[in-house]
Amino acid sequence: MMEAPSEGSYSRTSVQNIILVFLVLISCFLYSGLIFGWAPFVLLLKEEGFFTSDCSPSETICASQANQFNFIYTLASTTVSITGLPAGIILDNFGPLVTTCIAVHVVRSNFFLGTVNLLLENLGDASNGYEVTEAVGYIIPCGFLAIPIIGLSVTLFGSLLTFQFINLMGMIYGAMSVVKILKLQLATAAVYTIYRAFFFSTLSTYNAEIFGKRTLGRIQGILFLVSGLLNLCIIPVVKFTTTTLNGDLFWPNLSQLFFLVPLMILTEVERFRR
């Protein structure tokens, strides 16, 4: 008698596994460019003159234009994050292969990706020919290079200690982002890239450990739904930054550091509790 599959397991052949990996790689290649390459894409939109009707020639940074670009990015990323819940339900019921074909790429935006071009422009990258902005567009998609390290970290130290490392990385890149040195932001983007790769990979592992694989899709979907709705808060923050702070993201970036402190404490409490 064949042994029944354990809870949360999906019966797949080696061929199906290969197809699944191939589809994931193709979906990331086809659909992640606009997310990771948003900063240089904004430069193209600016060159084409999008949303310049309310801009004054004397403005170094056009607040109206910056707000419009941020609104588009935030709304689009929020919409795609909200689809994470139905995609997760499909995942739980039909397995990851079907989910990849139907619901191929669910991502959530975040403040750094949506505002990095504004940060660099405020630091004078325009006079530098936007070299740093373009370089950042190449750095951010390289998170996949950290995958072997992520797997090793989770295996050796567990999900919670790895999460504590993620919190630390978040503190580091956040602190670097408030330092007003243009070239330093290349290192900020590199640290952020590692942080993002660790976060999303470890999040899935942790949720699978706590809630089981059969409900992983729904849990992930709920998380993306909530984060997508919270994502809308970026719009008024950026509008306040461009209109009141003259595009200076120092205070918004600094304030985010304080949110990581309770997260580090809660992570440590949970780690010792377990």
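Everything discussed here concerns the structure shown above.
As a starting point, this report considers the structure included with it. (Residues numbered from 1 in each chain as written. Predicted model: local features only at pLDDT ≥ 70, side-chain atom pairs only at ≥ 80, totals over all residues. Heavy atoms only, no water.)

**Examining the overall build of the protein**
Part 1: Per the secondary structure count, the protein includes 13 helices and zero strands.
Part 2: Each helix and strand of the protein, ordered N terminal to C terminal, gives the series α-α-α-α-α-α-α-α-α-α-α-α-α.
Part 3: Here the protein holds 274 residues, and the buried ones make up 41% of them.
Part 4: About 15000 Å² of surface is accessible on the protein, with carbon and sulfur atoms providing 70% of the total. (Helix = DSSP H or I, 4+ residues; strand = E, 2+ residues; numbered from the N terminus. Buried < 20%, exposed > 50% of the residue type's maximum accessible area, 1.4 Å probe, protein only. Areas by Shrake-Rupley, 256 points an atom, 1.4 Å probe, with all protein chains shown as cover.)

**Re the packing of aromatic side chains**
Part 1: Tallied over the entire structure, the rule returns ten aromatic pairs.
Part 2: When the centroid spacing of 5.1 Å and the interplanar angle of 65° are considered together, the rings of Phe165 and Phe198 count as edge-to-face. Pair noted here: Phe165 is in helix H9 (residues 147-177) and Phe198 is in helix H10 (residues 184-211), with a separation of 33 residues, a long-range link.
Part 3: Ring geometry for Tyr173 and Tyr195: centres 5.2 Å apart, planes at 45°, overall tilted. With Tyr173 in helix H9 and Tyr195 in helix H10, the pair connects residues that are 22 residues apart, well separated along the chain. The residues Tyr173 and Tyr195 share a single accessibility class, namely buried. (Phe/Tyr/Trp six-rings, centres within 6.5 Å; stacked < 30°, edge-to-face > 60°.)

**With respect to unusual backbone geometry**
Part 1: Even without being glycine, Phe51 reaches a positive phi, approximately 60°.
Part 2: By secondary structure assignment, the location of Phe51 is in the loop between helix H3 (38-47) and helix H4 (63-82).
Part 3: The backbone phi angle of Tyr130 is positive, close to 55°, even though this residue is not glycine.
Part 4: Its place among the elements puts Tyr130 in the loop between helix H7 (111-122) and helix H8 (131-139).

**Section: the state of the cysteines**
A covalent bond bridging the sulfur atoms of two cysteines is what the word disulfide describes.
Part 1: For the structure on display, the rule yields one disulfide.
Part 2: Each disulfide pairs two cysteine sulfurs, and for Cys55 the partner residue is Cys62, the sulfurs being separated by 1.9 Å. Disulfide Cys55 to Cys62: torsion about the S-S bond roughly -90°, handedness left-handed.
Part 3: The exposure class assigned to Cys55 is partly exposed, which follows from its relative accessible area of 23%.
Part 4: For Cys62, a relative accessible area of 10% corresponds to the buried category. (Disulfide = S-S within 2.5 Å.)

**So, the nonpolar core**
Part 1: With 31 residues, the main nonpolar core has Val136 and Tyr192 as its most contacted residues.
Part 2: Only H3, H4, H7, H8, H9 and H10 provide two or more residues apiece to this core.
Part 3: Sorting elements by how many residues they give to this core places H10 first, with nine residues.
Part 4: Those residues in contact with Val136 that sit more than four places away from it in its chain are Val116, Leu120, Gln185, Leu186 and Ala189.
Part 5: Ile61, Ala66, Val238 and Leu249 belong to the second largest nonpolar core, which has eight residues in total. (Core = buried A, V, L, I, M, F, W, Y, C linked by side-chain atoms within 4.5 Å. Contact = heavy atoms within 4.5 Å.)

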